[in-house]
Amino acid sequence: MLKKIAYILLFISSISAQEKIPDMPIKLLDGSSKRLYEFLKDGPVIIDFWATWCAPCKKLMKHLDKFHNHFNDSGLKVLAISTDTPRSMGKVKSYIRSKKYDFFVGVDPNQQVMKKLKAELMPTTIMVDQEGMVIYRHQGYYPGDENKILNKIKSYFDERNIKYQNM
């Protein structure tokens, strides 16, 4: 019986244990490079892994752009990292330009960043606090998932008494 309780407690603690993301260079769509933790200077960051072939990714991106623009004054940033191959990188640039997205766009053609951040499905959305701790992780997208992300953003700001405009 004690053994079962110990396993249950170990399981619960592993679920609730926060995970810290590694600070690594991110190549941006414009050819420049920025360290991941540089995005955390002003507030939390939503990192979203996507691809041009992924329809659910594209549906989520319009919401992420709204969040990036709406909560930018409160410190939130969105970093959408394309996992497209080097051959389809031209599609990434033209897609982002056509949609006029304002969030940051990274490129990960060899899926190295994706692997380090344990993103397995498209899209994978990870919200990270200023210390680099994962506070939200979700894989896939169904309509309504954007509300979960919005609630996480608001609760993050509320817990820290950070002022923001309500959406």
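Residues numbered from 1 in each chain as written. Predicted model: local features only at pLDDT ≥ 70, side-chain atom pairs only at ≥ 80, totals over all residues. Heavy atoms only, no water.

### Here we look at a positive patch on the surface
Rule in force here: Like charges within 9 Å and nonpolar side chains (Val, Leu, Ile, Met, Phe, Trp, Tyr) within 5 Å are joined into patches, using only residues over 30% in relative accessible area that form no salt bridge. In this description, accessible areas are obtained by the Shrake-Rupley approach with a 1.4 Å probe, and a residue is regarded as covered only by the protein chains that are shown. Should a side-chain nitrogen of Lys or Arg be within 4 Å of a carboxyl oxygen of Asp or Glu, the pair is scored as a salt bridge. None of His or the chain ends enter the tally, which takes Lys and Arg as positive and Asp and Glu as negative. Note on charges: their place is set at NZ of Lys, CZ of Arg, CG of Asp or CD of Glu. Labels follow the DSSP assignment, with helices taken as runs of H or I lasting at least four residues and strands as runs of E lasting at least two, numbered in each case from the N terminus.
Positive charge collects at one region of the surface, where Lys-59, Lys-62, Lys-66 and Lys-99 lie side by side. Broken down by element, the residue count for the positive patch peaks at 3 residues, all from helix H2 (residues 55–71). Here Lys-99 is to be found in helix H3 (residues 89–99).

### Concerning the side chain of Thr-52
What counts is decided by this rule: Residues count as neighbours in contact if any of their non-hydrogen atoms are within 4.5 Å of one another.
Mapped onto the fold, Thr-52 is located in the loop between strand S3 (45–50) and H2. Excluding residues within four positions of it along the chain, Thr-52 makes contact with Lys-58, Asp-84, Lys-91 and Val-92.

### Focus on helix H5 (residues 145–159)
Inclusion rule: Given the number of residues in a helix, its expected span is that number minus one, multiplied by 1.5 Å.
Its 15 residues place the ends of H5 21 Å apart at the C-alpha level, agreeing with the 21 Å of an ideal helix rising 1.5 Å per residue. Structurally, H5 contributes buried residues whose contacts are with S3, H2, strand S6 (124–128) and strand S7 (134–139). In the segment just after H5, Asn-161 is the residue with positive phi, at about 55 degrees.

### Focus on the sheet that holds S3
Heads up, the condition is: Two strands are said to pair when DSSP picks up at least two bridges between them. Every axis in this analysis is a line fitted to C-alpha atoms, fitted for helices over the stretch in contact. Angles between the N-to-C directions lie between 0 and 180 degrees.
Ordered in space as S2-S1-S5-S4-S3-S6-S7, the 7 strands form an open sheet in which the pairing is mixed. In this open sheet, the two edge strands, each paired with only one partner strand, are strand S2 (33–35) and S7. With strand direction ignored, the average angle separating the axes of adjacent strands in the sheet is 30 degrees. Where strand S4 (residues 77–82) lies against strand S5 (residues 104–107), 4 bridges are found, and the strand directions are parallel. Bridge pairing in S5 places Ile-81 opposite Gly-106. Along the sheet, H5 makes contact with S3, S6 and S7, crossing S7 at roughly 180 degrees.

### Here we look at the side chain of Asp-48
Filter applied, for reference: Accessible area is worked out with a 1.4 Å probe on protein chains only. A residue is then buried under 20% of its type maximum, exposed over 50%, and partly exposed in between.
Counting through the fold element by element, Asp-48 comes out in strand S3. Buried and unpaired, Asp-48 has Arg-137 as its nearest opposite-charge partner, separated by 11 Å. Contact partners of Asp-48, with chain neighbours within four places excluded, come to Leu-60, Met-61, Leu-64, Leu-79, Ala-80, Ile-81, Pro-123, Thr-124 and Thr-125.

### Brief notes about the environment of Ala-55
On the secondary structure map, Ala-55 appears in helix H2. Taking the relative accessible area as the measure of exposure, Ala-55 reaches 45% and is therefore partly exposed. Taking the C-alpha atoms as reference, Ala-55 lies 9.3 Å from Pro-123; in sequence the two are 68 residues apart.

### Digging into the nonpolar core
Among soluble globular proteins, nonpolar side chains are generally buried collectively. Rules: What is meant by a nonpolar core is a set of buried Ala, Val, Leu, Ile, Met, Phe, Trp, Tyr and Cys residues, joined one to another through side-chain atoms within 4.5 Å.
Counting residues in hydrophobic clusters, the biggest one holds 51 residues, and the most contacted among them are Leu-36, Ile-47, Phe-49, Trp-50, Ile-96, Leu-117 and Ile-153. Per-element accounting of this core gives the leading share, 6 residues, to H2. Excluding residues that lie within four positions of it along the chain, Ile-47 makes contacts with Ile-21, Leu-36, Leu-79, Ile-81, Leu-117, Thr-124, Thr-125, Ile-126 and Val-128.

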